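# Examining the three-dimensional arrangement
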Amino acid sequence: MIKSRLKRLRDLMSRNEIEAFVLLVDERANSESCHYISGFRGSSAALIIDLEREILITDGRYKTQSKNQSPFEIIIQSKISLPQFIAEHVKNYKRVGFEADKISHAMFTKYFEPVKIQWLDASKFIHELRRTKDPEEIKLIKQAAIIARKAYGNALKSVRAGMSEIEFDIILNGEIKKLGAEKGWAHDDFIVASGFRSAMCHAPATMKKFEAGETVTIDYGAMYQGYMSDITRNFSLGKPDKKALEINQILLDAHHAAADFLKPGISGSEVDQIARDIITKAGYGENFLHGLGHGLGLEVHEAPRLSRTSDDILQAGDVVTIEPGIYIEGFGGLRIEDDYLITPEGHECLTVNDNQSIEILDVL
C-alpha cells in the first residue's frame, strides 16, 4: 500500500519536474498526511522523498515506533530542528516541492528560503492522493462506522430525563473505545445538542439536562486505525413535537434525493442544490445554514466539498457525507448525516443509513 502511494506521488513529482518532496509534522499538525504516505503516526517528523529514496526523520521518542510503522529509511536525530534538518539535506537538489499550506511564513523565511534552490508549492500533491480512497481505506472507514453505530445504540440505553449532555457524551465516547476504536474524532468534540440548543449547528456538550419531550441531535463518529466515520442522528425523550417530526421528514426527503444523485462527474454544488431545493420548497431554505457535506477519511473534514460554492467534481474513490439540516432559533434543529463512497457506477452508503427518523425513547 505504501509502495503504491509512493509511486503515485513520484508520478506527480516527475510530471511537475520536482526532484524531491518534503513534508513536515509539527506538534502533530499534518500527521495525517505523514501517516498516509509513510505509515508513521508520531507527533514529530519530517519526510524527504526523491525519485529513489524515502527518508523519515524523527527523534528518540519514536525510535521503535517509526521502525514498526514505516518501511522508510529512518534517521533519528535531536541535535537540530526538523526544519533545519530538511534545509541542510536538500541543498543538492535544484527543484524541491513543499507544502506551503502547512509551513508558516516565519518558518519558511528562517529555514527554507536561505537555501538557494527553487522551492515549489506542492500542497496539492498529498491532498490529491488522499482524496481517492483505496480498498484498505474504505474497509477501515466502514469499520469505524460499524463501531460508531453500535456504540450509539448502546449509549441510547442509558438515556434518561435529567441526564446532562456531557454525561451522554462521556458514555458514547466510552462505548466507542470499548468496541475497539482509538477514540471518537481526532481533533473535534462530538455535538450533543438538546432542545433549543440544537438550533446551533456546532454545539458541544454542556451541563444542560435532557428534558421530557425534547429532541436531541448527536453528531458523532469513531476513529479506527486513523480513519473516521461521521454520523448524525436525532432522538427524543418521549413523543417529539409535531414540528420536529415535520422537519425530520423534510430532511429525510432531502437526504435521500441528494444521496441518490451521487455519482462520478457530478459537481459538489449540484448535489447541494438537490437537497437545498427540497428544503427551500418546504419553507425552510433560510434555516439550512451550511453546506450539504464534505470529504472524509484520515480527517473528519477533507476534500471534496458539497456546497453552493464548491467547484469540486465527484470522482470514484471519494468518500463524502450527506448532512442536510434545519435550525430554528428558539425552537431547535435537526440534521441527518451518513457517509457515502462514490463508486464507478454510482455510490455506496458506508454507514448503513437505517434509523434516520427521530428515535423515540420511552424513558419518562
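The coordinates are above.
Residues numbered from 1 in each chain as written. Predicted model: local features only at pLDDT ≥ 70, side-chain atom pairs only at ≥ 80, totals over all residues. Heavy atoms only, no water.

## Here we look at the overall build of the chain
The following threshold applies: The secondary structure listing takes helices from DSSP runs of H or I that are at least 4 residues long and strands from runs of E that are at least 2 residues long, numbered from the N terminus. Each residue's exposure class comes from its accessible area (1.4 Å probe, protein chains only) as a fraction of the maximum for that residue type: buried when under 20%, exposed when over 50%, partly exposed otherwise. By definition, residues are in contact when any of their heavy atoms lie within 4.5 Å. His is not counted here, nor are the chain ends, while Lys and Arg score as positive and Asp and Glu score as negative. Charged side chains are reduced to one point each, which is NZ for Lys, CZ for Arg, CG for Asp and CD for Glu.
Looking only at helices and strands, the chain has 10 helices and 19 strands in total. Its C-alpha atoms give the chain principal-axis dimensions of roughly 70 × 40 × 35 Å. For the chain, with 364 residues in total, the buried portion stands at 55%. Residue pairs at least 24 apart in sequence account for 66% of intrachain contacts in the chain once pairs closer than 6 positions are excluded. Here the chain carries 45 positive and 54 negative side-chain charges, and the mean point of each set is 5 Å from the other.

## Thoughts on the packing of helix H2 (residues 31-38) against helix H6 (residues 123-131)
Counted only if it meets this: To define axes, lines are fitted to C-alpha atoms, for helices over the stretch in contact only, and angles between the resulting N-to-C directions are given on a 0 to 180 degree scale. Angular relationships are summarised with four words: roughly parallel below 35 degrees, roughly antiparallel beyond 145, roughly perpendicular across 65 to 115, and oblique for the angles in between. Crossing handedness is defined as follows: a turn of the near helix away from the far one that is anticlockwise and smaller than a right angle gives a left-handed crossing, while the clockwise case is right-handed. In the scheme used here, Gly and all other residues not listed as nonpolar or charged are polar, with Ala, Val, Leu, Ile, Met, Phe, Trp, Tyr, Cys and Pro taken as nonpolar and Asp, Glu, Lys and Arg as charged.
Contact geometry for H2 and H6: axes closest at 11 Å, N-to-C directions at 65 degrees. Relative to H6, H2 is oriented roughly perpendicular. The two elements H2 and H6 cross, and the hand of that crossing is left-handed. Every residue of H6 that contacts H2 at Glu32, Ser33, Tyr36 and Ile37 is listed here: Ile126, Leu129 and Arg130. Residues of the contact of H2 with H6, tallied by class, amount to 4 nonpolar, 1 polar and 2 charged.

## Looking at the side chain of Arg335
Tracing the backbone shows Arg335 in strand E16 (residues 332-335). Its relative accessible area of 2% is what places Arg335 among the buried residues.

## Considering the pattern of salt bridges
The condition is simple: Think of a salt bridge as a Lys or Arg side-chain nitrogen and an Asp or Glu carboxyl oxygen that are within 4 Å of each other.
In the structure shown here, the tally under the stated rule is 20 salt bridges. Here Arg5 ties to Glu137 by a salt bridge, and the two come within 3.7 Å at their closest N and O atoms. Here the residue Arg5 occupies a position in helix H1 (residues 2-15), and Glu137 occupies one in helix H7 (residues 135-156), the gap between them amounting to 132 residues. You'll find Arg5 and Glu137 in the same group, each marked buried.

## Quick look at the sheet that holds strand E3 (residues 54-58)
Note the threshold: Paired strands, as defined in this entry, are two strands with at least two bridges between them according to DSSP.
Strand order in this open sheet of 6 strands is E4-E3-E2-E1-E5-E6, and the pairing throughout is mixed. With one partner strand each, in any of the chains shown, strand E4 (73-76) and strand E6 (118-121) form the two edges of the open sheet. Mean inter-strand twist for the sheet, computed between neighbouring axes without regard to direction, equals 25 degrees. Strand direction decides the pairing type here: strand E1 (residues 20-25) and strand E2 (residues 45-50), joined by 6 bridges, are antiparallel. Considered in E2, the bridge of Ala20 is made with Asp50.

## Some words on the packing of H1 against H2
One way to put it is that H1 packs onto H2 with a least axis distance of 7 Å and a crossing angle of 105 degrees. With respect to each other, H1 and H2 are oriented roughly perpendicular. The segment H1 lies against H2, with Ile2, Arg5, Leu6, Arg8 and Leu9 engaging Tyr36, Ile37 and Ser38. Class assignment of the residues belonging to the contact of H1 with H2 gives a composition of 5 nonpolar, 1 polar and 2 charged.

## Details of the environment of Arg10
Under the convention used in this document: Any pair of N or O atoms that falls within 3.5 Å is considered a polar contact. Within protein, one atom must be able to donate a hydrogen and the other to accept it, and sequence-neighbouring residues count only if both atoms are side-chain atoms.
As for its position among the elements, Arg10 is in helix H1. On the basis of relative accessible area, Arg10 is assigned to the buried category, the value being 15%. The residues touching Arg10, leaving out its near neighbours within four places in the chain, are Ile49, Asp50, Leu51, Glu52, Arg53 and Glu54. For Arg10, the side chain forms a polar contact with the main-chain oxygen of Arg53, separated by 3.1 Å.

## Quick word on the pairing of strand E15 (residues 325-328)
What you see with E15 is no split at all: Gly325 and Tyr327 on one side and Ile326 and Ile328 on the other are buried throughout. Hairpin connection, E15 to E16: the antiparallel pair is bridged by 3 residues, and Gly330 has positive phi, about 90 degrees.

## A look at the side chain of Ser31
The residue Ser31 is located in helix H2 in this model. A relative accessible area of 9% places Ser31 in the buried class. A polar contact of 2.9 Å, which involves the side chain of Ser31, links it to the backbone oxygen of Arg28. In this view, Ser31 contacts Val25, Phe40 and Gly42; residues no more than four positions away in its chain are not counted.

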